[in-house]
Structures are given as C-alpha cells and as structure tokens.
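If you want the building blocks of each chain, they are given just below.
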Amino acid sequence: MAEAKKPKEVVITLNGVQFVVPPGTKVKDAAAAAGVEIPPLKVDPEKCKGCQMCTKACETGAISGEKKEPHSIDQSLCIRCGECLAKCKLGSIVPA
C-alpha cells in the first residue's frame, strides 16, 4: 500500500526576509511570527504557467485565469493571506 505524502514546510521570501511555513500553519500566521507583513500581491505573467495551484489555494476567489495561461489577482478581493505564495512552485506570485 502506498504511503501518504507528508505535508512539507514551505520557505517563503518576501521583501528580502525569509520565513518558514510549517505544515498545517497558515501563511499569514507564519509571516506574522517572523515579523513580515504580506504586501499586496500580483502574478508575474512571465513566470506564471497557469497551473491553477494558486486559484485552488485562494479562499476568496481573488485569483483567476485560464489553465495554461497567466493568471491575475483581483486586489479588491485579495485579503493578503499569502496562501497562494505557499502553493506557487514557480515563484510567480510577487509583491505588487
């Protein structure tokens, strides 16, 4: 029987400050503990491959886009929770 994947910690760098998000911890809580404020975020269209991992992580539906196309973040819906930062493996979520 296959063993279930264990969630891994995620390392995020924002404005030159690096912090670790342990499994089961909200990004905003880990950022606050590290003294980091999550700024408004945007998608770098040069890096985004449209994998939709960020859209699945976004609890407010602020991120949209077609599969395999660069996505965008609606600033009026974004609550700056940072969950998209932890899911994006390409580093395409950046400070706005």
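None of these values were measured; they are calculated from a predicted model.

## Looking at the overall build of the chain
Part 1: Scanning the chain from N- to C-terminus turns up three helices and six strands.
Part 2: Counted from the first residue to the last, the chain has its helices and strands arranged as β-β-α-β-α-β-β-α-β.
Part 3: Taking 96 residues into account, the globule formula puts the C-alpha radius of gyration at 12 Å, and the chain, at 13 Å, falls close to it.
Part 4: If you line up the chain on its principal axes, its C-alpha atoms span 40 × 35 × 25 Å.
Part 5: Across the 96 residues that make up the chain, the buried fraction comes to 33%.
Part 6: Across the chain, every contact between residues at least 6 apart in sequence was considered, and the portion connecting residues at least 24 apart equals 47%.
Part 7: Of the accessible surface of the chain, which amounts to about 6,400 Å², a share of 52% is contributed by carbon and sulfur atoms.

## Looking at the environment of G91
Part 1: With respect to the secondary-structure elements, G91 resides in the loop between α3 (83-87) and β6 (93-95).
Part 2: Residues G91 and S76 lie 15 residues apart in sequence; the distance between their C-alpha atoms is 22 Å.

## Some thoughts on a positive patch on the surface
Part 1: Taken together, the side chains of K5, K8, K87 and K89 define a basic patch exposed on the protein surface.
Part 2: Within the secondary structure layout, K87 lies in helix α3.

## Digging into the nonpolar core
Part 1: Ranked by size, the top nonpolar core spans 22 residues in total, and within it I12, L14, F19, V27, L41, I73 and I93 carry the most contacts.
Part 2: Aside from chain neighbours lying at most four places away, what touches I73 is L41, K42, V43, A62, I63, C78 and I93.

## Topic: the environment of T60
Part 1: The topology assignment puts T60 in the loop between α2 (53-57) and β4 (63-64).
Part 2: Residue classification places T60 among the partly exposed residues on the basis of a relative accessible area of 32%.
Part 3: Sequence-wise, T60 and L77 are 17 residues apart; in three dimensions their C-alpha atoms are separated by 6.3 Å.
Part 4: If near-sequence neighbours (up to four positions away) are discounted, T60 is found in contact with L77, C78 and I79.

Quick notes on the rules
- Residues numbered from 1 in each chain as written.
- Predicted model: local features only at pLDDT ≥ 70, side-chain atom pairs only at ≥ 80, totals over all residues.
- Heavy atoms only, no water.
- Helix = DSSP H or I, 4+ residues; strand = E, 2+ residues; numbered from the N terminus.
- Rg over C-alpha atoms; globule rule 2.2 N^0.38 Å.
- Buried < 20%, exposed > 50% of the residue type's maximum accessible area, 1.4 Å probe, protein only.
- Contact = heavy atoms within 4.5 Å.
- Areas by Shrake-Rupley, 256 points an atom, 1.4 Å probe, with all protein chains shown as cover.
- Patch = residues over 30% accessible without salt bridge, like charges linked within 9 Å, V, L, I, M, F, W, Y side chains within 5 Å.
- Salt bridge = Lys/Arg side-chain N within 4 Å of Asp/Glu carboxyl O.
- Lys, Arg positive; Asp, Glu negative; His and termini not counted.
- Charge placed at Lys NZ, Arg CZ, Asp CG, Glu CD.
- Core = buried A, V, L, I, M, F, W, Y, C linked by side-chain atoms within 4.5 Å.

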